[in-house]
Amino acid sequence: MCNLKLLLLSAVSCIVFLAGCGGGGDEDTASDGTSGATSATMAEPAGSSTVSGTINFTGTAPEQQQLNLDRECQELRDEPALSQQVVVNDDNTLRWVFVYVKEGLGDQEFGVSGEEVVLDQQGCMYEPHVIGIQAGQTLKILNSDPLLHNIHALPEQNRPFNFGMPTAGQEREQSFRVPEVMVRIKCDVHPWMESWAGVTEHPYHSVSGEDGSFSIDNLPAGDYVIEAWHEQFGTQTQNVTVGDDEAATVDFSFGGEAAAS
Ligand SMILES: [Cu+2]
């Protein structure tokens, strides 16, 4: 009887999430070796340079819109859910900007970081909204909610993945094989749920936080093109030269007149 019940359950979820069960093709991701944390090494050669800075916002900061959650999701939350698309901090800096080394590392090869990048589903929102991850690095996807989410990645260079996570405490590992800035991730059950992953060949990336700052550490000395990406304001690049044991500062400005390139 137990087996029959299981069979019925999976049949039902297949009907609801056809794409996740049929042509999803994500099953082999875990066995292709790219997500094997045990064999991963830390990125090398680790340098001694740092490029850091602040993402400033110019113009009038828009109000963060309150999202229209369904009742089931609202009941999980103490506070209303706010849109994460444009988040201007109190000090007029911009959150959720993905900053990375776009050019300048040449043909250097980097070991894949053994650290997992965690993407949680919590209160019917993704946490965090923007992640940086190396190609081949493990992305650990969690469901902290006692309800069904269907996580759906929509890359152009990488293999898409799409599957349901029906219970609280569920975990699943994925990875992206090749660099891609950016990969959109959404939930097919809750249309407001959206997250972005910046996938790079190397570990030199950062996401601006609650003070608008970013920091790219352990860089080798060199001449670099640094790109900053924001989902509404597009991308900007700047050149920077940094020597051994040096720290260089690169600030960006988005919004207002300085909007998207
Ligand atoms: Cu969801």
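In this report, we go over the structure that sits alongside the text. (Residues numbered from 1 in each chain as written. Predicted model: local features only at pLDDT ≥ 70, side-chain atom pairs only at ≥ 80, totals over all residues. Heavy atoms only, no water.)

**Quick notes on the sheet that holds strand β2 (residues 98–103)**
Here's step 1: Strand order in the open sheet formed by 4 strands is β12-β2-β14-β15, with antiparallel pairing between adjacent strands. Strand pairing shows two members of the sheet lacking a second neighbour, β12 (205–207) and β15 (234–242), which therefore form its edges. Going across the sheet, the axis of each strand differs from the next one's by a mean of 25°, ignoring polarity.
Here's step 2: Pairing between strand β14 (residues 222–230) and β15: 9 bridges, direction antiparallel. In the strand pairing of β15, Val225 is matched with Asn239. (Pairing = 2+ DSSP bridges. Helix = DSSP H or I, 4+ residues; strand = E, 2+ residues; numbered from the N terminus. Axes fitted to C-alpha atoms, helices over the stretch in contact; angles between N-to-C directions.)

**A few points about the state of the cysteines**
Here's step 1: Inspection of every chain in the model, using the stated rule, returns 1 disulfide.
Here's step 2: Residue Cys73 pairs covalently with Cys124 via a disulfide, S to S 2.0 Å. Around the S-S axis, the bridge from Cys73 to Cys124 shows a dihedral of about -70° and counts as left-handed. Separated by 51 residues along the polypeptide, Cys73 in helix α3 (residues 71–74) and Cys124 in the loop between β3 (117–122) and β4 (125–127) bring together distant segments of the chain. Each member of the pair, Cys73 together with Cys124, is buried. (Disulfide = S-S within 2.5 Å. Buried < 20%, exposed > 50% of the residue type's maximum accessible area, 1.4 Å probe, protein only.)

**Let's talk about the pattern of salt bridges**
Here's step 1: All told, the structure shown has 6 salt bridges when counted by the stated rule.
Here's step 2: We note a salt bridge from Arg95 to Glu210, for which the minimum N-O separation is 3.8 Å. Of the two residues, Arg95 is situated in the loop between α3 and β2 and Glu210 in the loop between β12 and β13 (213–219); the sequence distance between them amounts to 115 residues.
Here's step 3: Assessed through its relative accessible area of 61%, Glu210 is described here as exposed.
Here's step 4: A salt bridge links Glu171 to Lys140; its shortest N-O distance comes to 3.4 Å. Of the two residues, Glu171 sits in strand β9 (residues 170–174) while Lys140 sits in strand β6 (residues 139–143), which places them 31 residues apart along the sequence. (Salt bridge = Lys/Arg side-chain N within 4 Å of Asp/Glu carboxyl O.)

**Considering the pairing of β14**
Along any regular strand, the residues point their side chains to alternate faces of the sheet.
Here's step 1: For β14, the buried fraction is high: 8 of the 9 residues fall into the buried class.
Here's step 2: Across 5 bridges, β2 lies against β14 in antiparallel orientation. Paired with Phe98 across the two strands is Trp229, which belongs to β14.
Here's step 3: Hairpin remark: β14 followed by β15, antiparallel, with 3 residues in the connecting loop.

**A look at the nonpolar core**
Here's step 1: Within the largest apolar cluster, 28 residues are counted, with the highest numbers of intra-cluster contacts made by Leu139, Ile151, Phe161, Phe176 and Trp192.
Here's step 2: For this core, the secondary-structure elements that each account for two or more residues are β3, β4, β5 (130–134), β6, β7 (149–154), β8 (161–165), β10 (180–187) and β11 (194–200).
Here's step 3: If near-sequence neighbours (up to four positions away) are discounted, Ile151 is found in contact with Leu119, Gln121, Tyr126, Ile141, Phe161, Asn162, Phe163, Met165, Ile185 and Lys186.
Here's step 4: In terms of nonpolar packing, the next biggest core, distinct from the first, is built from 25 residues, Val88, Leu94, Leu219 and Tyr224 among them. (Core = buried A, V, L, I, M, F, W, Y, C linked by side-chain atoms within 4.5 Å. Contact = heavy atoms within 4.5 Å.)

**As for the coordination of the copper ion**
In an ideal tetrahedron of four donors about a metal, each angle is 109.5 degrees. In an ideal octahedron of six donors, the angles are 90 or 180 degrees.
Here's step 1: Taken together, His149 (ND1), Cys187 (SG), His190 (ND1) and Met193 (SD) make up the protein donors of the copper ion, found 2.0 to 2.7 Å from the metal.
Here's step 2: Geometry at the copper ion is irregular, judged from its 4 donor atoms and the angles of 93 to 136° they form at the metal.
Here's step 3: The sequence pattern formed by the donor residues of the copper ion is H-x37-C-x2-H-x2-M. Highlighted residues: His149 in strand β7 and Met193 in the loop between β10 and β11, separated in sequence by 44 residues. (Donors = N, O, S within 2.8 Å, 3.2 Å for Na, K, Ca; no water. Tetrahedral: all angles 85-135°; square planar, octahedral: opposite > 155°, others 65-115°.)

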